[in-house]
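Summary of structural features
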Amino acid sequence: MICALLLLAGAARAHADPCRVDIESNDAMQFNTRQIVVPAECAEVEINLKHTGHMPAKVMGHDWVLARDADMSAIINGGLAAGFNRGYLPSNDPRVIAATRIVGGGESVTVRFSTAALQPAAHYVFFCTSPGHATVMRGTFQIGVATRVARNP
Ligand code: CO
């Protein structure tokens, strides 16, 4: 519980607007948070993904993808088949709620998406589709009140 609250405090500190979330990734194949919660009042969410490392996208590239947790594996497998030049994402896949392009060290990317189709009771996850990354580069995404507390391994 304490960890989740600290993460939320960190996200709130970055922007006054709670509908804008900064998230960092690095050369050690990590996101800097395992849980994102945005208020139900957010009609649109903006995710700013920064790669704080130095390695190129083809070696240690990261993206930020949002989907229902039940769809994550299929999206990752589709991304593997699509390959790097297609951003490790299956094209026109309706299961992908939001996604950035792959970024390498020193790069940032922003994605905005509507929350209109998101449901407070549903389980959403964010993850990176670079091959093998989602085993560690993943977390929960919730809209509305934080009812599920992230448990650190
Ligand atoms: Co990654």
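In short, a report on the structure. (Residues numbered from 1 in each chain as written. Predicted model: local features only at pLDDT ≥ 70, side-chain atom pairs only at ≥ 80, totals over all residues. Heavy atoms only, no water.)

**Let's talk about the packing of aromatic side chains**
- For the structure shown, the criterion picks out six aromatic pairs.
- When the centroid spacing of 6.1 Å and the interplanar angle of 75 degrees are considered together, the rings of Phe-84 and Tyr-88 count as edge-to-face.
- Using a relative accessible area of 13% as the deciding quantity, one classes Tyr-88 as buried.
- An aromatic cluster is present here, built from Phe-31, Trp-64, Phe-113, Phe-126 and Phe-141 joined pairwise through their rings. (Phe/Tyr/Trp six-rings, centres within 6.5 Å; stacked < 30°, edge-to-face > 60°. Buried < 20%, exposed > 50% of the residue type's maximum accessible area, 1.4 Å probe, protein only.)

**Considerations on helix α3 (residues 72-82)**
- Listed in full, the buried residues belonging to α3 are Met-72, Ile-75, Ile-76 and Gly-79. Taken down its axis, α3 places every buried residue within 100 degrees of arc, on the same side. The exposed residues of α3 that point more than 90 degrees off its buried face are Asn-77 and Ala-81.
- Summarising the contacts, the buried residues of α3 are in contact with β4 (65-68), β7 (124-127) and β8 (138-143). (Helix = DSSP H or I, 4+ residues; strand = E, 2+ residues; numbered from the N terminus. Arc of directions from axis to C-beta. Contact = heavy atoms within 4.5 Å.)

**Digging into the coordination of the cobalt ion**
- For the cobalt ion, the full set of protein donor atoms is His-62 (ND1), Cys-128 (SG), His-133 (ND1) and Met-137 (SD), and the range of their distances to it is 2.0 to 2.5 Å.
- Each of the four donor atoms around the cobalt ion contributes to a set of angles spanning 87 to 129 degrees, which defines the coordination as tetrahedral.
- Going along the chain, you hit the donors of the cobalt ion in the pattern H-x65-C-x4-H-x3-M. Remark: Cys-128 occurs in the loop between β7 and β8 and His-62 occurs in the loop between α2 (57-60) and β4; sequence separation between them is 66 residues.
- Classification of His-62 as buried rests on a relative accessible area of 0%.
- Overall, the relative accessible area of 1% leaves Cys-128 in the buried class. (Donors = N, O, S within 2.8 Å, 3.2 Å for Na, K, Ca; no water. Tetrahedral: all angles 85-135°; square planar, octahedral: opposite > 155°, others 65-115°.)

The values are spatial; any link to function lies outside them.
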